[in-house]
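Structural overview for review
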Amino acid sequence: RSGVGLYLHVPYCESLCSFCFSASSVLDQPKKLEAYARAMEREIAYFSPALAGAEFRSFQVGGGSPSILTARQLRRVLGLCARRFRFEEDALRSIECNPRSTDLEKLKTMRAAGSRTGAGEGKRHRIPAPDGGEPLRARHDLPSRPPARA
């Protein structure tokens, strides 16, 4: 099953962007997010035995805005994926982020899961605001590679 990719979808956003055509909705009740994270955990546990022979070439988390999950929820879901699925050593791992719902703890959690930040590490960036407003400013002080696992 070479070349197989794993994709998780987080359908929630803080607001809908005019350019987005993904299946997403505005998160109107924060408790929905915890229920969704738990549902993803159940789905991962349910499907992982059927995918035990697969070695995934890519792992992507999209949405919506997956960065709307809390750092704790991200650790739970990404950790379960790491325990239940196998990935090629150089597998592409990416998680979509909205700068407005991303913080350093979340970035570190994503980095520990093998994701690479798209804006470049250790530099200041001006990120265009999706609504055309004032550009967002971000600073990422993360290592360029995830730490080696012991």
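Refer to the structure above for everything that follows.
A brief report on the enclosed structure follows. (Residues numbered from 1 in each chain as written. Predicted model: local features only at pLDDT ≥ 70, side-chain atom pairs only at ≥ 80, totals over all residues. Heavy atoms only, no water.)

The number of helices and strands found in the protein chain is three helices and seven strands. Each helix and strand of the protein chain, ordered N terminal to C terminal, gives the series β-β-β-α-β-α-β-α-β-β. Relative to its full complement of 150 residues, the protein chain shows a buried share of 39%. Taking as baseline every contact in the protein chain between residues at least 6 positions apart, the subset at least 24 positions apart corresponds to 71%. (Helix = DSSP H or I, 4+ residues; strand = E, 2+ residues; numbered from the N terminus. Buried < 20%, exposed > 50% of the residue type's maximum accessible area, 1.4 Å probe, protein only. Contact = heavy atoms within 4.5 Å.)

Bringing helix H3 (residues 104-112) into the picture now. Of all the positions in H3, only Lys106, Leu107, Thr109, Met110 and Arg111 are classed as buried. The elements touched by buried residues of H3 are helix H2 (71-84) and strand S5 (86-95). The N-cap of H3, judged by a side-chain oxygen 3.2 Å from the amide nitrogen of Glu105 a few residues on, is Asp103. In the segment just after H3, Gly114 is the residue with positive phi, at about 100°. (Polar contact = N/O pair within 3.5 Å; in protein donor to acceptor, adjacent residues only side chain to side chain.)

Attention shifts here to the environment of Ser65. When you line up the elements, Ser65 lands in the loop between strand S4 (55-63) and H2. Sequence separation between Ser65 and Tyr12 is 53 residues, and the spatial gap between their C-alpha atoms is 6.0 Å. If we skip the residues at most four places from it in the chain, Ser65 touches Val10, Tyr12, Cys13 and Asn98.

Moving on to the packing of H2 against H3. At a minimum axis distance of 9 Å, the contact between H2 and H3 shows a crossing angle of 10°. Judged by the inter-axis angle, H2 sits roughly parallel to H3. Residues Ala71, Leu74, Arg75 and Leu78 of H2 lie in contact with H3, whose contacting residues are Glu105, Lys106, Thr109 and Met110. (Axes fitted to C-alpha atoms, helices over the stretch in contact; angles between N-to-C directions. Parallel < 35°, antiparallel > 145°, perpendicular 65-115°, else oblique.)

Another point: the environment of Ser115. By the secondary structure assignment, Ser115 is in the loop between H3 and strand S6 (124-127). In this structure the C-alpha to C-alpha distance between Ser115 and Gln60, which are 55 residues apart in sequence, comes to 8.9 Å. Ignoring any residue separated from it by four or fewer positions in sequence, one finds Ser115 in contact with Arg93, Ser94, Ile95 and Met110.

Now for H2. Each α-helix turn comprises 3.6 residues. Residues three or four places apart therefore point the same way. The end-to-end C-alpha distance of H2 is 20 Å, a good match for the 20 Å that 14 residues give at a rise of 1.5 Å each. Along H2, the residues that are buried comprise Ala71, Gln73, Leu74, Arg76, Val77, Leu78, Gly79, Leu80 and Cys81. Turning to H2, the residues buried within the fold contact strand S1 (5-10), helix H1 (30-47), S4, S5 and H3. (Expected span 1.5 Å × (residues − 1).)

Spatial relationships are all this shows, so hold off on functional conclusions.
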